[in-house]
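# Descriptive analysis of the structure
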Amino acid sequence: MGVLVVNSLGASVAGAVEARRGEFGTLADGRKVESVELANAKGMSVRILALGGVIQQLQVPDRHGKSADVVLGYATAQQYVDQPQYFGATVGRYANRIAAGKFSLDGKQYQLEINDGPNHLHGGKRGFDKVIWKIESVSAGSPARAVLTYTSADGEGGYPGKMQVTATYTLNDKNELGIEYRATTDKPTIVNITNHSYFNLAGEATPTDVFGHRLTLFASKYTPVNDTLIPTGERRAVAGTVFDFTKPHTIGERIRDGRDEQLRIGRGYDHNYIVDGEAGQLRPAARVEEPQSGRVLELLASAPGVQFYSGNFLDATSTGKSKRVYRQGDGFCLEPQVFPDSPNRSDFPNARLNPGQTYVNTLVLRFSAAP
Ligand code: BGC
């Protein structure tokens, strides 16, 4: 990795979180992929790639202070371009699905790429995850910070408006990784940007799945889907169903319960939960505890919803950083976002962005260890 970036006075400060900029690798077409690493003195560090703003590595200490990488991902940059799982990536312009890839704004209909059955998913074939972002600035301190930017041309992926996007990553000495997405546009458009990390708190290199992780979701309702994973429009109470994580349950406890039609459709959990409390405010969305290591992840989010995806489509066709073959349930995603297909549902949170407005989506991944 490259040089140590110190604070603006040119000195390292006690308690300050380090920041380094370096080179990660080269794509098949010869383009270089830079990276940024933020590391605190508590054993936590994150490596972010300019490609897709991918969180390629996330080291987190367990209850004995031993750090392990807790996100799935690849060893080389090219694999992120070739494979469809969105490991650790920034997804956009519209994360999640839009039915038939169609939406209209001010009476004009737009057709996006169809890349997931009959629907549009995660911004299409060349979404925000597949492009190289500009590393705008990197600074050590408390928190340390990396700012990445990307300009999406008018019409890119079928979306109207030239969009300026900023992704800011911060790491402090309390083991909190913050991510904030901001976007502006020059024409009315739609937007929904999130991070698509797959977590395994036991450690990516351990041969265990995530079914033993204990999950709490601060959500009393979710949005059921049709058989192509598009919300039906219903906001269904989780109470009394296998979707109820308002009290902790292991991810695996009820995941094979085929009596629930929604679990059958998703081949597990692949659903948008409506986070309790007020959207726009950073509030608890989820807590996950891995009993063996003691690692705990708390997710705070400002978004109205969180997609809980239990890695159902991992099918042993990709090999990870530690040479592990990823299979169903080897990682889980918690993706703070507006609801899927919101542009086609006036009763869902608004995904529209007008010129002069700034879209903001903020999340905090707070790590700790239970005794
Ligand atoms: C979706 C899954 C999809 C996955 C792709 C998730 O956000 O909800 O249905 O298969 O992304 O990696």
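This is a predicted model, so every value here is computed, not measured.

A few words on the pattern of salt bridges. Under the definition given, this model contains 17 salt bridges. When the shortest N-O distance is used, the salt bridge between E37 and R47 registers 3.1 Å. Taken together, the positions of E37 in strand β3 (residues 32-39) and R47 in strand β4 (residues 45-49) put the pair ten residues apart, joining distant regions of the chain. Comparing E37 with R47, the two get one shared label, buried. The partner of D257 in a salt bridge is R259, and the shortest N-O contact between them spans 2.9 Å. In the salt-bridge network here, residues are joined through shared partners; they are E176, E298 and R366.

Close to the ligand lie P84, Q85, Y86, R97, H122, H196, Y198, D270, Q307, Y309, F313 and E335. A per-class count over the shell around the ligand returns five nonpolar, four polar and three charged.

Turning next to unusual backbone geometry. Note that the residue after G92, namely R93, is joined by a cis bond; omega there is 5°. Note on placement: R93 falls in the loop between β7 (89-91) and β8 (97-98). A cis amide bond links S142 to the next residue, P143, at an omega of 10°. Turning to its location among the elements, P143 is positioned in the loop between β12 (134-139) and β13 (144-152). Despite not being glycine, R267 shows a phi value in the positive range, around 55°. You can see R267 is positioned in the loop between α2 (261-266) and β22 (270-274). The residue K323 is not glycine, and still its phi comes out positive at about 75°. Checked against the element boundaries, K323 lands in the loop between β26 (315-319) and β27 (325-327).

Rules and cut-offs
Residues numbered from 1 in each chain as written. Predicted model: local features only at pLDDT ≥ 70, side-chain atom pairs only at ≥ 80, totals over all residues. Heavy atoms only, no water. Salt bridge = Lys/Arg side-chain N within 4 Å of Asp/Glu carboxyl O. Helix = DSSP H or I, 4+ residues; strand = E, 2+ residues; numbered from the N terminus. Buried < 20%, exposed > 50% of the residue type's maximum accessible area, 1.4 Å probe, protein only. Near = heavy atom within 4 Å. Nonpolar A, V, L, I, M, F, W, Y, C, P; charged D, E, K, R; others polar.

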